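Residue-level listing of the chains:
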Amino acid sequence: MPSISPYGSWTSPITAHDVAVAGVTPHWVDVVDDAVWWAESRPSENGRVALMRWVDGAVEETLPAPWNARNRVHEYGGRPWLVSGELVVFTHWDDQRVYARDLRDGAVTALTPEPETPHGVRFADLRPGLPGEVWAVRESVTGTGRADVARDLVAIPLAGGQPRVLAASHHFLTSAQCSPDGRHAAWLGWDHPAMPWDATSVCVAEIAADGTFGPHRVVAGGDGVSVCQLDWDGPGALLVLADPGGWWVPHRVTIDDGAGPSVAAPPAQAALTAAEEEMGGPLWKLGSRWMTALGGGKHAVLTGTGLTVLDEATGGLTPVAEQLTGWSPTLARHGHSVVGVAAGPRRGPAVVRVDLRDGTVTDLTDPPPAPPAGYLPLPQVRSFPAEDGTRIPAYVYAPANPDHTGPAGEKPPYLVHVHGGPTGRNHPVLDLDFAYFTSRGIGVVAVDYGGSTGYGRHYRERLRGQWGVVDVADCAAVARALVDEGLADPRRLAIRGGSAGGFTAAASITSVDVYRAATAKYPILDLLSWTKAGGETHDFESRYVEGLVGPLPDTEGRYPARSPVHNVASLAGPILLLQGSEDEICPPEQAERFVAALRGSGVPHTLVTFEGEQHGFRKADTIVTALHTELAFYGQVFGFATPDVPPVELRG
């Protein structure tokens, strides 16, 4: 018989260490000569990214310590590795240079020069180039400001030496991809104030005999159209994921109809399906892949519900391996199968191979160890009405623990989880971070508020000019609905999130009276400072807020009105801030100013700073401490015992 215990105080076998172990995450999957390769982040090694390879059922590490296959282009990083013959070429975090490791003898050689200033030159999105070269995006620091950055496309000699410049069509670029016949190169480009999910251009240029690029021209995309992925489809056509109809779906762009080799012929573009379903996503990291060609007019694509096969002859979509409900945008073909990183409601992320003939799923890596199912919440797919009548998608993770039940008449506390981005989304998958709380009697609801991806451009642009309004209102509407349904205790609601989710958490606790507490991890707290003019964020997002809040200087008054740092007098309850000391995206000075404004206010609060952490927590010790602190915070605010974690000191 389960014991009757107050919600929040249940004992659980799920520890913060288990959550940290689950942070061993595979990404950047690809297939090379029938071997499956991927990168693997490791919290136990201070977040180091190793390179792994699966061949004939055996997994081996191909890039051991101290090498760290990670880069900071756009500060979020991009594809960090490529295999060229017997060489694995990779970007190394410590100095941001490109290196090559010989797979025969393990020798490592630097391919790019040492920058004059540490991390002053970075590379990402490594791609095959002409013989003897690797193509990449190069990012160069040009001044002392966080946004003083320039980019170009370069060819890196495999023999080492100064990279050769290929093109610089836009301020932001993806790496060039060479056509199968070696005559053309194609890439994506965009300029501020647009973000890549707002408007991107597909650029094509002829490759001269000496390897230089001729003038480029735009063959797809442009104003109001986002393209998130491109691949060559033979020498004269491209496959692109574009949203001219409001949904990212595959299109074929023909640049050479056979009349001649010139790229000057007008391109023809046709959608491969009429389905109104998202098959792409926001290009946060260069090299992301939501689609891979299978041959015979069929394509594997990732939709909001999982893996799907698109038959362009009919435009039809056939779901595959439906038990895998969350996929990372890193998909590759492997014979009759596709490989990628996927998770489900009862399993964490792993590298999987799905046989498209019968849907058989084979794990190439072990999913993170999962506790017994009784301690794991099964995500409930829900939607709730917004103030304007729009339906808000959300995933409800109710408290679950076979050893405990709550007292009669008591409702559990609930955490409203806000994803980052804000151009991001949630998936109905096992999340041990959530299970850490639900197994202790604290419910979690993950909200895809207006602005989230996965629901078409119209839903995404509900947030345009309305950040700090629509996101706050949607999260509050979901919280109130859970209370109205009798699922949540209205006196014990909290909101939590990281990055842009941290902004919404802090904006919510300073603007509505729904929540008793908030946790803001590496948050944005001062909107005007978090712009190019304010100088407190990196180049990639330095004008992002102009679309989310409004153009400057015309709407400058909105910025302080919606900034938590300017609204501390309206705090509805205690707030916990968790911050990395080396965060270049949401810098620590924002959290420090917020805390300074709170001194003497009488509102309980605390700021915990983690040395050596950047944006998002990668070290096992940080993950453990952050979870312990958050649980202790809720226990102190909501009034339940948390004997297994150290107490948190709140200042007033």
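Residues numbered from 1 in each chain as written. Predicted model: local features only at pLDDT ≥ 70, side-chain atom pairs only at ≥ 80, totals over all residues. Heavy atoms only, no water.

### Remarks on the nonpolar core
Turning to step 1, where the next piece is worked out: Core analysis: the largest hydrophobic core is formed by 106 residues, its most contacted members being Trp187, Phe213, Leu238, Trp467 and Tyr515.
Turning to step 2, where the next piece is worked out: When near neighbours in sequence (up to four residues on either side) are disregarded, Tyr515 contacts Val416, Cys475, Ala476, Ala479, Leu493, Ala494, Ile495, Ser508, Ile509 and Ala572.
Turning to step 3, where the next piece is worked out: Counting residues in hydrophobic clusters, the runner-up holds 40 residues, among them Phe434, Ala517, Ala620 and Val637. (Core = buried A, V, L, I, M, F, W, Y, C linked by side-chain atoms within 4.5 Å. Buried < 20%, exposed > 50% of the residue type's maximum accessible area, 1.4 Å probe, protein only. Contact = heavy atoms within 4.5 Å.)

### Quick look at empty space enclosed by the protein
Turning to step 1, where the next piece is worked out: Summed over the entire model, instances satisfying the criterion amount to three cavities of 30 Å³ or more.
Turning to step 2, where the next piece is worked out: Within this model, the second largest cavity holds a volume of roughly 160 Å³.
Turning to step 3, where the next piece is worked out: Around the second largest cavity, the lining is made up of 14 residues, and of these Trp197, Asp198, Arg464, Tyr544 and Leu548 lie nearest the centre.
Turning to step 4, where the next piece is worked out: The leading source of residues in the lining of the second largest cavity is helix H6 (residues 544-548), at three residues. (1 Å grid on protein atoms, 1.4 Å probe; cavity = no way out; pocket = protein on both sides within 12 Å on 5 of 7 lines; lining within 4 Å. Points joined across faces, edges and corners; volume = space filled by probe spheres on them. Helix = DSSP H or I, 4+ residues; strand = E, 2+ residues; numbered from the N terminus.)

### Section: the environment of Ala506
Turning to step 1, where the next piece is worked out: With respect to the secondary-structure elements, Ala506 resides in helix H5 (residues 500-509).
Turning to step 2, where the next piece is worked out: Each C-alpha atom, one on Ala506 and one on Ala517, is 9.5 Å from the other, the two residues being 11 residues apart in sequence.
Turning to step 3, where the next piece is worked out: Sequence-distant contacts of Ala506, that is, excluding residues within four places in its chain, are made with Leu525, Pro564 and Ile575.

### Some remarks on the packing of aromatic side chains
Turning to step 1, where the next piece is worked out: Tallied over the entire structure, the rule returns 25 aromatic pairs.
Turning to step 2, where the next piece is worked out: Relative to Tyr634, the ring of Phe437 lies with its centre 5.9 Å away and its plane at 65°, an arrangement referred to as edge-to-face. Of this pair, Phe437 sits in helix H2 (residues 432-438) while Tyr634 sits in helix H9 (residues 620-638), and the two are 197 residues apart along the sequence.
Turning to step 3, where the next piece is worked out: An aromatic cluster of at least three residues, connected via ring pairs, comprises Tyr76, Phe172, Trp190, Trp197, Trp284, Phe540 and Tyr544.
Turning to step 4, where the next piece is worked out: One residue, Arg79, lies across the ring of Trp81, its end atom 4.4 Å from the ring centre.
Turning to step 5, where the next piece is worked out: Above the face of the Tyr436 ring, Arg440 is positioned so that its terminal group lies 4.0 Å from the ring centre. (Phe/Tyr/Trp six-rings, centres within 6.5 Å; stacked < 30°, edge-to-face > 60°. Lys NZ or Arg CZ within 6 Å of the ring centre and 35° of its normal.)

### Let's talk about the sheet that holds strand S39 (residues 575-580)
Turning to step 1, where the next piece is worked out: Pairing in this open sheet of eight strands is mixed, and the strands run S32-S33-S36-S35-S37-S38-S39-S40 from one edge to the other. The strands lining the two open edges of the sheet, one partner per strand, are strand S32 (380-385) and strand S40 (605-610). On average, each strand axis in the sheet is inclined to that of its neighbour by 20°, with strand direction left out of account.
Turning to step 2, where the next piece is worked out: Here six bridges tie S32 to strand S33 (residues 391-397), and the two strands are oriented antiparallel to one another. Among the inter-strand pairings, Pro385 is bridged to a residue of S33, identified as Arg391.
Turning to step 3, where the next piece is worked out: Of the strands in this sheet, strand S35 (414-418), strand S37 (493-498), strand S38 (517-521) and S39 are in contact with H5, which crosses S37 at around 150°. (Pairing = 2+ DSSP bridges. Axes fitted to C-alpha atoms, helices over the stretch in contact; angles between N-to-C directions.)

### Overview of the packing of helix H4 (residues 470-484) against H5
Two quantities define a packed helix pair, namely the angle between the axes and the distance from one axis to the other.
Turning to step 1, where the next piece is worked out: Their axes nearest at 9 Å, the elements H4 and H5 cross at an angle of 75°. In this view, H4 runs roughly perpendicular relative to H5, as classed from their interaxial angle. Together, Asp471, Val472 and Cys475 of H4 and Phe503, Thr504, Ala507 and Ser508 of H5 make up the contact between the two elements.
Turning to step 2, where the next piece is worked out: Looking at side-chain class alone, the contact of H4 with H5 contains four nonpolar, two polar and one charged residues. (Parallel < 35°, antiparallel > 145°, perpendicular 65-115°, else oblique. Nonpolar A, V, L, I, M, F, W, Y, C, P; charged D, E, K, R; others polar.)

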